[in-house]
Number of protein chains: 2
Amino acid sequence: MRINTLAIVGVGLIGGSIALAARRRGGAVRIIGIDRQAETRSQALRDGTIDDAYMDLTAAACADLILFCTPVDTIAAGVIEAATHCRPGTLLSDTGSTKAAILRDVQGRLPSGVEFIGSHPLAGSEKHGLAHASAQLLEGRLVIVTPPPDSTDTALSQIRDFWTVLGARVQVMDAEEHDRALAFTSHLPHLLSSALAGILPPELYDLTATGFRDATRLAAGQPSLWSAIFHANQTHLLTALDRLDEQLQRFREALRQGDRAALEALLQQGKKVRDVL
Amino acid sequence: MRINTLAIVGVGLIGGSIALAARRRGGAVRIIGIDRQAETRSQALRDGTIDDAYMDLTAAACADLILFCTPVDTIAAGVIEAATHCRPGTLLSDTGSTKAAILRDVQGRLPSGVEFIGSHPLAGSEKHGLAHASAQLLEGRLVIVTPPPDSTDTALSQIRDFWTVLGARVQVMDAEEHDRALAFTSHLPHLLSSALAGILPPELYDLTATGFRDATRLAAGQPSLWSAIFHANQTHLLTALDRLDEQLQRFREALRQGDRAALEALLQQGKKVRDVL
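This structure is a prediction, so every number in the text was calculated from the model and none was measured.

A look at the sheet that holds strand β4 (residues 65-68) of chain A
All names here are of chain A.
Right, on to step 1. The parallel open sheet is built from six strands, whose spatial order is β3-β2-β1-β4-β5-β6. Both edges of this open sheet fall to β3 (52-54) and β6 (115-116), since each of them pairs with a single strand only.
Right, on to step 2. Where strand β1 (residues 3-9) lies against β4, four bridges are found, and the strand directions are parallel. In the sheet register, I8 faces β4, and the bridge partner there is L67.
Right, on to step 3. The strands that helix α3 (residues 72-84) touches are β4, β5 (91-94) and β6; relative to β4, the one it contacts most, it runs at about 155°.

Observations concerning the relation of the copies chain B and chain A
The operation relating the two chain copies consists of a rotation about an axis and a shift along that axis.
Right, on to step 1. Aligned on chain A, chain B shows an RMSD of 0.0 Å; the corresponding rotation is 180° and the shift along the axis is 0.0 Å. Such a combination of turn and shift is consistent with a two-fold rotation axis. Identified as the residue of chain B closest to the rotation axis by C-alpha distance is A215(B), at 2.2 Å.
Right, on to step 2. A share of 100% of the interface residues of chain B reappears at the interface of chain A, consistent with the copies meeting face to face through the same patch.

Considerations on the pattern of salt bridges
Right, on to step 1. Counted by the stated rule, this structure contains 28 salt bridges over all chains.
Right, on to step 2. In this structure, the salt-bridge partner of R217(A) is D214(B), at a minimum N-O distance of 3.7 Å. Remark: D214(B) occurs in helix α7 (residues 210-215) and R217(A) occurs in the loop between α7 (210-216) and α8 (223-232); the pair is interchain, linking two chains.
Right, on to step 3. Where salt bridges share partners, they join D214(A), R217(A), D214(B) and R217(B) into one cluster.

Looking at the sheet that holds strand β8 (residues 142-146) of chain A
Residues and elements named next belong to chain A.
Right, on to step 1. What the three strands build is an open sheet, ordered β7-β8-β9; its pairing is mixed. Sheet topology places β7 (118-121) and β9 (169-172) at the edges, where each strand pairs with a single neighbour. Sheet twist, expressed as the average angle between the axes of neighbouring strands with direction ignored, equals 25°.
Right, on to step 2. Bridge count for β8 against β9 is four bridges, and the pairing is parallel. Following the sheet pairing, L142 is matched in β9 by R169.
Right, on to step 3. The strands touched by helix α5 (residues 153-165) are β7, β8 and β9; relative to β9, the strand with the most contacts, the crossing angle is about 150°.
Right, on to step 4. Against the sheet, helix α6 (residues 175-198) contacts β7 and β8, and its axis sits at roughly 140° relative to β8.

Quick look at the side chain of T49(A)
Residues and elements named next belong to chain A.
Right, on to step 1. Note on placement: T49 falls in the loop between α2 (38-46) and β3.
Right, on to step 2. Judged by relative accessible area, T49 falls into the buried class, the value being 2%.
Right, on to step 3. A polar contact is formed between the side chain of T49 and the side chain of D47, at a distance of 2.5 Å.
Right, on to step 4. With residues up to four places along the chain from it excluded, the contact list for T49 reads G16, A19, L20, R23, I31, A44 and L130.

Overview of the packing of α6(A) against α8(A)
The relative placement of two packed helices is expressed as an angle between their axes plus a distance between the axes.
All names here are of chain A.
Right, on to step 1. Interaxial distance between α6 and α8 falls to 11 Å at its minimum, and their mutual angle equals 125°. Taken together, the axis directions place α6 and α8 in an arrangement best described as oblique. In the crossing of α6 with α8, the sense of the turn from one axis to the other is left-handed. Within the contact between the two elements, α6 uses S186, H187, H190 and L191 and α8 uses W226, I229 and F230.
Right, on to step 2. Partitioning the contact of α6 with α8 into residue classes produces four nonpolar, three polar and no charged.

Some points on the interface of chain B and chain A
Right, on to step 1. Taken together, the contact between chain B and chain A spans 78 residues of the former and 79 residues of the latter.
Right, on to step 2. Counting each side, the surface lost to burial between chain B and chain A is near 7300 Å², with a carbon and sulfur contribution of 70%.
Right, on to step 3. The largest share of the area that chain B buries against chain A comes from L207(B), L255(B) and R274(B), three residues that together contribute 10% of it.
Right, on to step 4. Where chain B packs against chain A, one counts eight salt bridges.
Right, on to step 5. With a shortest N-O distance of 4.0 Å, R252(B) and D245(A) are connected by a salt bridge.

Quick word on the domain arrangement of chain A
Many analyses report the size of an interface as the accessible area lost when the parts associate.
Residue and element names in this part refer to chain A.
Right, on to step 1. Examined at the domain level, chain A breaks down into domain 1 (3-173) and domain 2 (177-276).
Right, on to step 2. Each of domain 1 and domain 2 has a C-alpha centre, and the two are 31 Å apart.
Right, on to step 3. Each side of the interface is counted separately: domain 1 has 15 residues, and domain 2 has 14 residues.
Right, on to step 4. Taken over both partners, the interface formed by domain 1 and domain 2 buries close to 1200 Å², and the fraction arising from carbon and sulfur atoms is 72%.
Right, on to step 5. At the junction of domain 1 with domain 2, the criterion picks out zero salt bridges.
Right, on to step 6. Our enumeration of links across domain 1 and domain 2 arrives at five residue pairs in polar contact (both at pLDDT 80 or more).
Right, on to step 7. Those elements that provide at least two residues to the side of domain 1 that touches domain 2 are α3, α4 (100-106) and β8.
Right, on to step 8. The class makeup of the residues in the side of domain 1 that touches domain 2 is seven nonpolar, five polar and three charged.

Quick notes on the rules
Residues numbered from 1 in each chain as written. Chains lettered and ligands numbered in written order. Predicted model: local features only at pLDDT ≥ 70, side-chain atom pairs only at ≥ 80, totals over all residues. Heavy atoms only, no water. Pairing = 2+ DSSP bridges. Helix = DSSP H or I, 4+ residues; strand = E, 2+ residues; numbered from the N terminus. Contact = heavy atoms within 4.5 Å. Axes fitted to C-alpha atoms, helices over the stretch in contact; angles between N-to-C directions. Least-squares fit on C-alpha atoms with pLDDT ≥ 70 in both. Salt bridge = Lys/Arg side-chain N within 4 Å of Asp/Glu carboxyl O. Buried < 20%, exposed > 50% of the residue type's maximum accessible area, 1.4 Å probe, protein only. Polar contact = N/O pair within 3.5 Å; in protein donor to acceptor, adjacent residues only side chain to side chain. Parallel < 35°, antiparallel > 145°, perpendicular 65-115°, else oblique. Left-handed = near helix turned anticlockwise from the far one by under 90°. Nonpolar A, V, L, I, M, F, W, Y, C, P; charged D, E, K, R; others polar. Buried area = accessible area lost by both parts, 1.4 Å probe. Domains from an automatic or database assignment.

Listed below in structure tokens is the structure:
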């Protein structure tokens, strides 16, 4: 089913990239952008990323698909508010990095005939803002779709089709399972990058090379966005931290004992995984 | 003072790159390669990386500068052995990632008039082998030079000049200070990358994106090389791990308390450093 009007809430790196890809690949007939920043609205209009720009969620009333590309801690409230303006048959989704809390908060709060299904495109960047948006950002990337237990088949295939038309691959997953997985594959790496960068004494800045830069690239992300993600995925992130801590203890023990064979085995374990990716 | 004959021991990524840079920039009149691998020797001869290839260290007798580009746990023994074949005035150096243990092991073991000064070019890669060598690898990079207390000014300026001619910047530093710094800027990031990759369950491989790949890029390095580096820098690496652990505890506490302001402050601390680099 072709989307007539697509509303993008939050026209930044992700929202802008989705708009550009939808335009290029015919994912929607008309694309409207909803953003609080006047500058973002006029930039998005000027460069043709969107057809119309609005400041608040009432504009979503005319959309068939409303996609929230805003910080995770604002999504549920936005979805609930936008839904009050929607006609039956409207589908709402998002691009947030955590899924269970949003689904929980939205659950039972939508008018009849209006559905919310979570989405998470695994296509980020330490950059942000519309200026870095690209129609290619989603190409070949995985989008995890997390439907609530009561979602309809129509809504699920609509969101699947939407992402597929945009060039992404889709995997349907339970929201809790998503959060448990992403704690390991995304949130823990981000936390570690940040911790590693955070402890570097200023006098050592000049002694870093590409290795340090690779390992800390994620630390450049926006602290307000990531603190919200960490907070929303608190339990699973703490579990992932525990797993990491056990592995660090193994390294520590091997170092203390001067056990080179054990050190090499631990490094081999990491290399084996890295070489597969 | 122009180097007449340069001997490179270990013609891999680093040794090969140094040979190529020395050739291109006139860093030496003649370059000989010493490598145990017959295949490496013939490849390096075939592509003109070196002028002559030898299997063992007796060949170093004719060199003015002998550069060990071999794993850190083999350097000291190699330097001591090569030095027995050298005439007075010969300078030996290396490219190892740790410096204090090598300097300590070599101390007092060289014939009169033969000197060893440590070097560490901060220009690695998770790749290895001659096939990835490049004359540009050292360009603009920092080489840390760690002279022993009894080094002569002649030897020190000779090694400084050598790296400078190759396009690198040189910083002279105490070996122990080097090891303490590199524990933070290189060895800890490597250990973390490896620990992070090592704990990823196979069922989550498909759910990784560029963030995970950046954060674990270093884990692809050779386990035997890195276990030797970790082992040689045991004390400082354990200290760096303690610092990291304290920072991870702060994250953990903020997560447990649901303290978003504290999480954001910790992330801001990491971003501030990262943005400077």
